[in-house]
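# What the coordinates show
These are the residues of each chain, in order.
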Protein chains: 6
Amino acid sequence: EITIVRADRRKQKEIRPFEIILNPNKYAEGSSLIKMGSTQVLCCATLDEYVPPFIKDTGKGWIDAEYSMLPRSSQTRVPRESVKGKIKGRTHEIQRLIGRSLRAVVDLSLIPEKHIIIDCDVLQADGGTRTASITGGFIALVLALRKLLKENVIEKMPVERYLAAISVGILDGEVILDLNYEEDSACSVDMNLVMTDKKELVEVQATGEEEVFDKKQLDRMIEYGWYGIQQLIKAEKNLLAHQLL
Amino acid sequence: EITIVRADRRKQKEIRPFEIILNPNKYAEGSSLIKMGSTQVLCCATLDEYVPPFIKDTGKGWIDAEYSMLPRSSQTRVPRESVKGKIKGRTHEIQRLIGRSLRAVVDLSLIPEKHIIIDCDVLQADGGTRTASITGGFIALVLALRKLLKENVIEKMPVERYLAAISVGILDGEVILDLNYEEDSACSVDMNLVMTDKKELVEVQATGEEEVFDKKQLDRMIEYGWYGIQQLIKAEKNLLAHQLL
Amino acid sequence: EITIVRADRRKQKEIRPFEIILNPNKYAEGSSLIKMGSTQVLCCATLDEYVPPFIKDTGKGWIDAEYSMLPRSSQTRVPRESVKGKIKGRTHEIQRLIGRSLRAVVDLSLIPEKHIIIDCDVLQADGGTRTASITGGFIALVLALRKLLKENVIEKMPVERYLAAISVGILDGEVILDLNYEEDSACSVDMNLVMTDKKELVEVQATGEEEVFDKKQLDRMIEYGWYGIQQLIKAEKNLLAHQLL
Amino acid sequence: EITIVRADRRKQKEIRPFEIILNPNKYAEGSSLIKMGSTQVLCCATLDEYVPPFIKDTGKGWIDAEYSMLPRSSQTRVPRESVKGKIKGRTHEIQRLIGRSLRAVVDLSLIPEKHIIIDCDVLQADGGTRTASITGGFIALVLALRKLLKENVIEKMPVERYLAAISVGILDGEVILDLNYEEDSACSVDMNLVMTDKKELVEVQATGEEEVFDKKQLDRMIEYGWYGIQQLIKAEKNLLAHQLL
Amino acid sequence: EITIVRADRRKQKEIRPFEIILNPNKYAEGSSLIKMGSTQVLCCATLDEYVPPFIKDTGKGWIDAEYSMLPRSSQTRVPRESVKGKIKGRTHEIQRLIGRSLRAVVDLSLIPEKHIIIDCDVLQADGGTRTASITGGFIALVLALRKLLKENVIEKMPVERYLAAISVGILDGEVILDLNYEEDSACSVDMNLVMTDKKELVEVQATGEEEVFDKKQLDRMIEYGWYGIQQLIKAEKNLLAHQLL
Amino acid sequence: EITIVRADRRKQKEIRPFEIILNPNKYAEGSSLIKMGSTQVLCCATLDEYVPPFIKDTGKGWIDAEYSMLPRSSQTRVPRESVKGKIKGRTHEIQRLIGRSLRAVVDLSLIPEKHIIIDCDVLQADGGTRTASITGGFIALVLALRKLLKENVIEKMPVERYLAAISVGILDGEVILDLNYEEDSACSVDMNLVMTDKKELVEVQATGEEEVFDKKQLDRMIEYGWYGIQQLIKAEKNLLAHQLL
């Protein structure tokens, strides 16, 4: 059974070499630098003083994310959003996805009236920056929560599952895993998948780019995605010494 | 087998009464007013003079959407984005979804160097405004394309499939179809599904709201969604006299 | 005495067919949909939580308006102000006029520390949108005040006069009443007149568009305007069952 | 016949001492500094390089105005609009009025494809800044047009009438002319009147501030206003040596 | 020893004729109008109600400056920053310099929890507007502090030194003092120097404009600058009757 | 001779351990990562497509810089400027300084009609970020120019001098070199010094922070600064293999 050949010789179901560095940042409550192929994202978790009004008196806390690309993180320089004075739609979409994914595995009632921001700054982009941000952001979050726990700011670890994310796509009818930039541009269907170590789904975003797809393809993309996510979660477990606490 | 009781007595798999009015607007190239329960969205398709630079000399055209809620479309008045001077992340996320969904069923090479904007203005909101915008926007788009065809602005109808969208959710472990505002707020999982009359998937966005879900539930949500989408597409076909042309 | 012929065969002193629908909106404290010819404005009155600082501790309340045109309310699509991030001068001018006109007939000391916003959203524009907003906004306001009275939020109806507005212009030296878009563009002088049922003046804005006019013409414009306003107020009285309370 | 006593002992129909200085600015094509009582406005006319797109190929030119108050022009410091990043509604309303008033006495076809901006910067504000801006702006405009004529940038003087503006109000039922800040705040009705030396009306803006008024009062306000405008125009004629050219 | 000839026949070490008018503004706590050649800056000191959060509970006060150019203060009209909605980098740089320079000679602990804003509005610009703003701003500040002292808002005069500023440059290898616009554009090196009457340095900003310079030249520029500053401080002392109190 | 003790045991005239990494970024024409103590700045040089209008037809090119701090680069999280929609004054001031410093050692006529942007993104901040940006930006610029030379985009190396920058301050009356954050906050005088390998001055910015200083201190600060700059330039020469070409 002959399949498509990928530019970097990877198999369809093969993810790129990856690396996660713990606490590269001196000041953040928790941080990570995640590299997936040439994609590099610095993730910093901050216990923020500003508490959004909608959690006041709810007994719950809040976690959200901010995402940004350095101007020269991509092949063509991307103008700064601060210069334009506006945050792009794509940025909004991504940071909402990251925040939502992380909240899904946190018991917000265990961080009462606290606000944690996950800053995901893309140093270099070669596809999959949003899924790398989720994986790296999860690590930064856990490290921050451990610190808050140690300092008695919170009483109990509010995370009980591991979380990771990966992209999957359909290229020339074939499902491929962990797209780089070039593949991402060429794919007719593009999926971002976020799952836990217990094989639970957190977010499924499958999108036809000027194309449609069928249920069988969706199922296959989820299967491939889970295959990749398992490897990421295995690495997370090693890095965190097999305990979230 | 006893299931949950919905506030408006609907069955789990039952969509709300809906109505689509053709061309309520005097000026737009094509327009529709879609009502799904208390949700009302006015969709207007415009052949815009401004052509985005990225389609210049590509031989292709472009379709995108703008989405907005009237301040008093919802229970609590929502301040205008023009007053804040910023477009919210949610708005960006929604209008990107609408545009992407519509482009998936249009052969953009048949509207060369043309730019069509679909304005989706929510007059009243009671859940499902983004999926109603896709369904209503599809009708407005087809009406506009028919007009452009008649006036020889384009040569061939670039749409060959019908398109509709619906929301599905999980409430107390049960899948329910076409959520109203109250249900949407209560659901632990929320899915927006966009499909064609040929049962093809265009967009699957399933999201755990501080919750996770499993593959079986995803499959069931898609099954329920397709059940509802079929009814919307049937209505579309009747309204359009069973031909896209 | 031969006069000019209007495109829609109206007499100089004839207003367009009009219709006012009460409470088309499900959520607002009071609302109206006003149609004057092809012009359609949805007016919603909201008791807003935000109270402007300048009325704090004054024993008085405040009423103001926001005005906006849907992008495809006019022949050529108007870009959203939210996209530009700025509110246009024309919009500011109009919403200040609407607010001022409504405040002139309200005893603000009877809505102490309350803030009411009148949202005027133009669904379709064919001239006279600002005067239609005043007339429709007045109805929405009265309906909202009735509701607040019923719910004991306020103690006494703070409105004692009926209010309506109309546009008048000078075309080829002749005064004409209730201009549509085409006439408005052609007029050398343009007046917006706001009056009460007691023939009192609330606002007179007469403007030479690259032209001047004389006192006799001003007097005539006011006379014509009053003629039209009387018809609108008669309709208002019928709709409100001949009592403001 | 006993009337109200004004704080500065003026008669009801008396304007404040005023002064107009020609060309105080070294760079502008034409400029004036107008003082009406304590109100001081610096008006500069510029032949701008930027030509608004809507006059392209119309054979006509355009004149508009920008208005701004220095932060400490008023009793309480007014924050800069540049700091807020937004232009206030009041500013928009005023600069539209100034531009419209000036255009009414200019034959725009005699400044083809030219754009003239009148900058009106309030150095000190004590009521009547918008009417002072119109009077001072008229002088600056005429001086600029003379210069353009001399330099053969235009061929014929496009102004044939003198123009001036004044405010009138109703205080305790009495009409008073040329309101200072304190009077302006106290008036129940406020009118800005713009007229030519030929007694023609250019702009009538009469506004009830939480009050109404009748036709007789309107007539009287116009009569008073004309009385004041005549004095301003007389001064203009002297300053300009009794010829617009 | 032959030196360069300056357009206005000044010697290298000669400053322009200058004039400082005390309290030209009716409302400000203190104000000055400074003219250095054709450069004119209106400086107004305001005791502002808004107190920046970072001085709360520090026992200290704060002084900062805002700087702006009127659109027609320069040869070519400069668009308003309020229209662009952004403050330019140059403006920020200048107003930070003015504020910092003034704070250096004020004992902030003597204006506890007070905030003073110095508004520097350039009416006409011909080089040296930032240094003129510092000199004029110092006078306005002293006048304001005297007033606050008299009104017992503060207890002791917090200024004990005189302050003035001047520009110096290198043109064709020669040091020249107090540059006008034309000279400023031609200079290869440009220095802004702020000093006290006790010959102390407050700010030295020497900048190569696409050029470099050596230590000897820096020393000479400081010597020339001090020569000019002495003259300005002498005038300040005369104007303030030889006492800061 | 006893002097102050610095927290990190450095001598007054000692700079922090530093490291410069060449081309850490995959896409930029040239890049560097500079670490001075805990301060880390990523500098990327881009040949930008956008050419500022003011260099059109001048035969010259342009170089400017953009500076930004990642939110968690500092002890307390700094909100993104893109979220605020405004660039801070400090940022403007810094990026103008970087651009000016680099232009001083480049012959802009050798990069005709070209625009190079130097992006300086602070990953971690511990004092001296602006001077580190100049040193690191210089390296990134040279690497980019080498690449452009190799690709025949330019004909001759436009840089002939090495450039570096350092901060100096006065603490308790003593001059200290290369301030970290804590020292920077404590210093009464703060200088940023930019010099070339030929001991030429490019920028001298000495500032009294609510303090003044004398000429002798200025001289000493320059002497110390030059001592530190020599070490940085030595490292630059080694890294660049002792030739700019």
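As a reminder, the structure under discussion sits directly above these lines.
Residues numbered from 1 in each chain as written. Chains lettered and ligands numbered in written order. Predicted model: local features only at pLDDT ≥ 70, side-chain atom pairs only at ≥ 80, totals over all residues. Heavy atoms only, no water.

A few words on the relation of the copies chain F and chain E. Superposing chain F onto chain E takes a rotation of 180° plus a shift of 0.0 Å along the axis, which leaves an RMSD of 0.0 Å. Look at the turn and shift together and you get a two-fold axis relating the two. Residue Q205 of chain F, judged by its C-alpha, is the member of chain F lying nearest the rotation axis, at 2.3 Å. Here 100% of the contact residues of chain F are again contact residues in chain E; the copies associate through an equivalent surface. (Least-squares fit on C-alpha atoms with pLDDT ≥ 70 in both. Contact = heavy atoms within 4.5 Å.)

This part is about the side chain of E203 of chain D. Among the secondary structure elements, E203 of chain D is positioned in strand β9 (residues 201-208). Overall, the relative accessible area of 1% leaves E203 of chain D in the buried class. Only 2.6 Å separates the side chain of E203 of chain D from the side chain of R100 of chain D, close enough to count as a polar contact. In this structure, E203 of chain D is in contact with A206, T207 and F213 of chain C together with L97, R100, S101, N192, L193 and V194 of chain D, ignoring residues within four places of it in sequence. (Helix = DSSP H or I, 4+ residues; strand = E, 2+ residues; numbered from the N terminus. Buried < 20%, exposed > 50% of the residue type's maximum accessible area, 1.4 Å probe, protein only. Polar contact = N/O pair within 3.5 Å; in protein donor to acceptor, adjacent residues only side chain to side chain.)

Taken together, the contacts link 34 residues of chain F with 34 residues of chain E. With both sides pooled, the region where chain F packs onto chain E buries about 2800 Å², and carbon together with sulfur makes up 53% of that total. Sorting the residues of chain F by area buried against chain E places L201, E210 and V212 of chain F first, and these three jointly supply 22% of that buried surface. The interface formed by chain F and chain E includes eight salt bridges. One salt bridge connects R96 of chain F with E93 of chain E, and the closest N-O pair in it is separated by 2.8 Å. At the level of secondary structure, the elements contributing two or more residues to the side of chain F that touches chain E comprise α2 (89-103), β9 (201-208) and α5 (215-239) of chain F. It is β9 of chain F that contributes the most residues to the side of chain F that touches chain E, eight residues altogether. In terms of residue class, the side of chain F that touches chain E is made up of twelve nonpolar, six polar and 16 charged. Summarising the sheet, strand β9 (residues 201-208) of chain E and β9 of chain F pair through five bridges and their orientation is antiparallel. For E203 of chain E, the partnering residue across the bridge sits in β9 of chain F and is T207 of chain F. (Buried area = accessible area lost by both parts, 1.4 Å probe. Salt bridge = Lys/Arg side-chain N within 4 Å of Asp/Glu carboxyl O. Nonpolar A, V, L, I, M, F, W, Y, C, P; charged D, E, K, R; others polar. Pairing = 2+ DSSP bridges.)

Turning next to the pairing of β9 of chain D. Along any regular strand the residues' side chains alternate between the sheet's two faces. All names here are of chain D. Of all the eight residues making up β9, eight are buried; the element is thus mostly covered by neighbouring parts of the structure. Here strand β8 (residues 189-196) runs beside β9; their pairing, made up of seven bridges, is antiparallel. Each residue of the ladder has a partner; that of V194, found in β9, is E203. Linkage of β8 to β9, two consecutive antiparallel strands, is achieved through a turn of four residues, within which K199 is found at a positive phi near 65°.

Moving on: helix α5 (residues 215-239) of chain E. Residues and elements named next belong to chain E. For α5, spanning 25 residues, the distance from its first C-alpha to its last is 36 Å, which sits close to the expected 36 Å at 1.5 Å a residue. You can read the cap of α5 off the contacts: a side-chain oxygen lies 3.2 Å from the backbone nitrogen of K216, and it is on D214. At the exit of α5 stands A241, carrying a positive phi of roughly 60°. (Expected span 1.5 Å × (residues − 1).)

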